[in-house]
Amino acid sequence: MRILHTGDVHLDSPFAGLSAKYAEERRRDVRESFSAMMRYAKDTAADMVIISGDLFETSFVTRETVALLRRDFSMLDCPVVIAPGNHDPAEENGIWDKNLFPDNVYVFKSPELSRFSFDSLNCDVYGWAFTSSSMTECPLKGQSVEDRGRINILAAHCDTTSPIGNKCPVSPETLRAFGADYCALGHIHNPEAANNALDGAGLYCGCPEGRDFGECGVKGAMTADIEKGSVTVNFKRFCKKIYRREVLNVDGAADFTELSDKLESFVREKDISKDTLLRVTLAGSVDPALVIDTKALAERVSASYYTEVQDDTVPVWNAEFLACDKGIRGEVYRSLLPSLESPDPKIRTRAARALRYALAALNGGSISDM
């Protein structure tokens, strides 16, 4: 049998880090990505769709999104099995409790292990549901599949990375002992490291659409072709946009024009495309008198869908001069130097800002725009 394995869709996510315009566009991207996954499942004649939790954000879900889910699920010719997660828990009188979805949708509603049987596929799907935003007990402990002659699948929203976490901690050893042919997991949005640690015991699908700069790179879903004793898994991209982070060294930059030229050249060299949400962090040492307008710099970049610039420079380009200065400028610099060289980026940033303020004030400049 072939399954499409997805999860962590987070429909109606607020995208709080973006402006209202971009946030609405990104919510639309998430809806379009979800619909694309369902069309793909139909077009490739998938035998089952598994959604491993966090399909939507319960606190923000809209009637329009519920209508979209009903429409997309209804067009499928296969069962859809859903294991609610910590963002869309199966709460009493919640959405999962209202029978809003078509008959081909099967939703786990108990925190205890249960199963749905699909005899036409010779398949049992096991799973559970979050019933609140946390879950400290592992429902899988001491459990195993009932009929090893059938194709056995586990659909679960859980955390295999933290044995003492409150998002349903499950160990790789527990997954292996359960004996499923395929463990379709959700909760980890950047799954590469977690999947490597699982070493075949289970597979996180990741999120189909990144939501912030902590979820960079191409996102999508997994397809799994399952025979008894054999599983072939492939990743397929479904994301409309990609988050990407880059660091640009601007050592020695003296003015806005030079910074802007460096940034525009850098973006061209990196081959940034229109489907990219780009964050460029400026690094290096610059003239202390330089005031870096990150918003104006970001507006100079037209190659990406969205750009933001962060300033992580250190205002010590003429450090040797300041270190030797016997006056108050040198004293300010020397007093801040330990913080400027701190391994803690927050301390470095605070010290850099303090040095800029001090030097600007000593030069008779205004610090109101800094």
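Here, every reference points to the structure presented above.
Just so you know, these numbers come straight off a predicted model, no measurement behind them.

## A word on the side chain of Ser-52
Along the chain, Ser-52 falls in the loop between β2 (48-51) and α2 (63-74). Residue Ser-52 is classed as buried on the basis of its relative accessible area, which comes to 0%. A polar contact of 2.9 Å, which involves the side chain of Ser-52, links it to the backbone oxygen of Ala-184. If we ignore the near neighbours within four places in the chain, the residues touching Ser-52 are His-5, Thr-6, Gly-7, Ala-83, Ala-156, His-157, Ala-184, Leu-185 and Gly-186.

## Some words on the packing of aromatic side chains
Enumeration over the complete set of coordinates arrives at 12 aromatic pairs. When the ring of Phe-73 is compared with that of Phe-101, the centres are 6.0 Å apart and the planes differ by 75°; the resulting orientation is edge-to-face. One end of the pair, Phe-73, is in helix α2; the other, Phe-101, is in the loop between β3 (80-82) and β4 (105-107), and 28 residues separate them in sequence. Relative accessible area serves as the criterion here: at 0%, Phe-73 is assigned to the buried category. For Phe-101, a relative accessible area of 14% translates into the label buried. The ring of Tyr-22 carries the charged tip of Lys-21 above its face, separated from the ring centre by 4.3 Å. Directly above the aromatic system of Phe-238 lies the positively charged group of Lys-236, at a separation of 5.7 Å from the ring centroid.

## Looking at the pairing of strand β6 (residues 123-127)
Burial runs high along β6: 5 of the 5 residues are buried. Alternating residues of β6 divide into Cys-123, Val-125 and Gly-127 and Asp-124 and Tyr-126, and every residue in both groups is buried. Both strand β5 (residues 114-118) and β6 contribute to a ladder of 5 bridges, which runs antiparallel. Bridge pairing links Arg-115 to Tyr-126 in β6. Taking the residues between adjacent antiparallel strands as the criterion, β5 and β6 are bridged by 4 residues, where Asn-122 takes a positive phi near 55°. As judged from the 5 bridges shared by β6 and strand β7 (residues 151-157), these two strands associate in the parallel manner. Bridge pairing in β7 places Cys-123 opposite Ile-151.

## Details of the environment of Asp-271
In this structure, Asp-271 sits in the loop between α5 (256-269) and β13 (276-283). Look at Asp-271 and you get exposed, because its relative accessible area is 63%.

## Describing the environment of Ala-67
Following the sequence through the fold, Ala-67 ends up in helix α2. Its relative accessible area of 44% is what places Ala-67 among the partly exposed residues. Spatially, the C-alpha atoms of Ala-67 and Gly-217 are 30 Å apart, while their sequence positions differ by 150 residues.

## Considerations on the nonpolar core
Of all hydrophobic cores here, the largest spans 58 residues; its most connected members are Phe-34, Leu-55, Phe-73 and Ile-153. Here this core takes 6 residues from helix α1 (residues 20-43), the largest share from any one element. Apart from residues lying up to four places away in sequence, Ile-153 is in contact with Met-1, Ile-3, Ile-50, Cys-123, Asp-124, Val-125, Tyr-126, Ala-180, Tyr-182 and Ile-226.

## Topic: the packing of helix α8 (residues 328-340) against helix α9 (residues 345-362)
Remark: α8 packs on α9, axes separated minimally by 9 Å, with the N-to-C direction vectors making an angle of 170°. Considering their axes alone, α8 and α9 lie roughly antiparallel with respect to each other. Along the contact surface, α8 presents Ile-328, Arg-329, Val-332, Tyr-333, Leu-336, Ser-339 and Leu-340, while α9 presents Ile-347, Arg-348, Ala-351, Ala-352, Ala-354, Leu-355, Ala-358, Leu-359 and Leu-362. Partitioning the contact of α8 with α9 into residue classes produces 13 nonpolar, 1 polar and 2 charged.

## What to know about α2
Taking 1.5 Å of rise per residue, 12 residues should cover 16 Å, and α2 covers 16 Å from first to last C-alpha, within 8% of that figure. Within α2, the full set of buried residues consists of Thr-65, Val-66, Leu-68, Leu-69, Asp-72 and Phe-73. Buried residues along α2 cover an arc of 155° about the axis, so they all sit on one side. Turned more than 90 degrees away from the buried face of α2 sit Arg-63, Glu-64 and Arg-71, all of them exposed.

So, how was this worked out
- Residues numbered from 1 in each chain as written.
- Predicted model: local features only at pLDDT ≥ 70, side-chain atom pairs only at ≥ 80, totals over all residues.
- Heavy atoms only, no water.
- Helix = DSSP H or I, 4+ residues; strand = E, 2+ residues; numbered from the N terminus.
- Buried < 20%, exposed > 50% of the residue type's maximum accessible area, 1.4 Å probe, protein only.
- Polar contact = N/O pair within 3.5 Å; in protein donor to acceptor, adjacent residues only side chain to side chain.
- Contact = heavy atoms within 4.5 Å.
- Phe/Tyr/Trp six-rings, centres within 6.5 Å; stacked < 30°, edge-to-face > 60°.
- Lys NZ or Arg CZ within 6 Å of the ring centre and 35° of its normal.
- Pairing = 2+ DSSP bridges.
- Core = buried A, V, L, I, M, F, W, Y, C linked by side-chain atoms within 4.5 Å.
- Axes fitted to C-alpha atoms, helices over the stretch in contact; angles between N-to-C directions.
- Parallel < 35°, antiparallel > 145°, perpendicular 65-115°, else oblique.
- Nonpolar A, V, L, I, M, F, W, Y, C, P; charged D, E, K, R; others polar.
- Expected span 1.5 Å × (residues − 1).
- Arc of directions from axis to C-beta.

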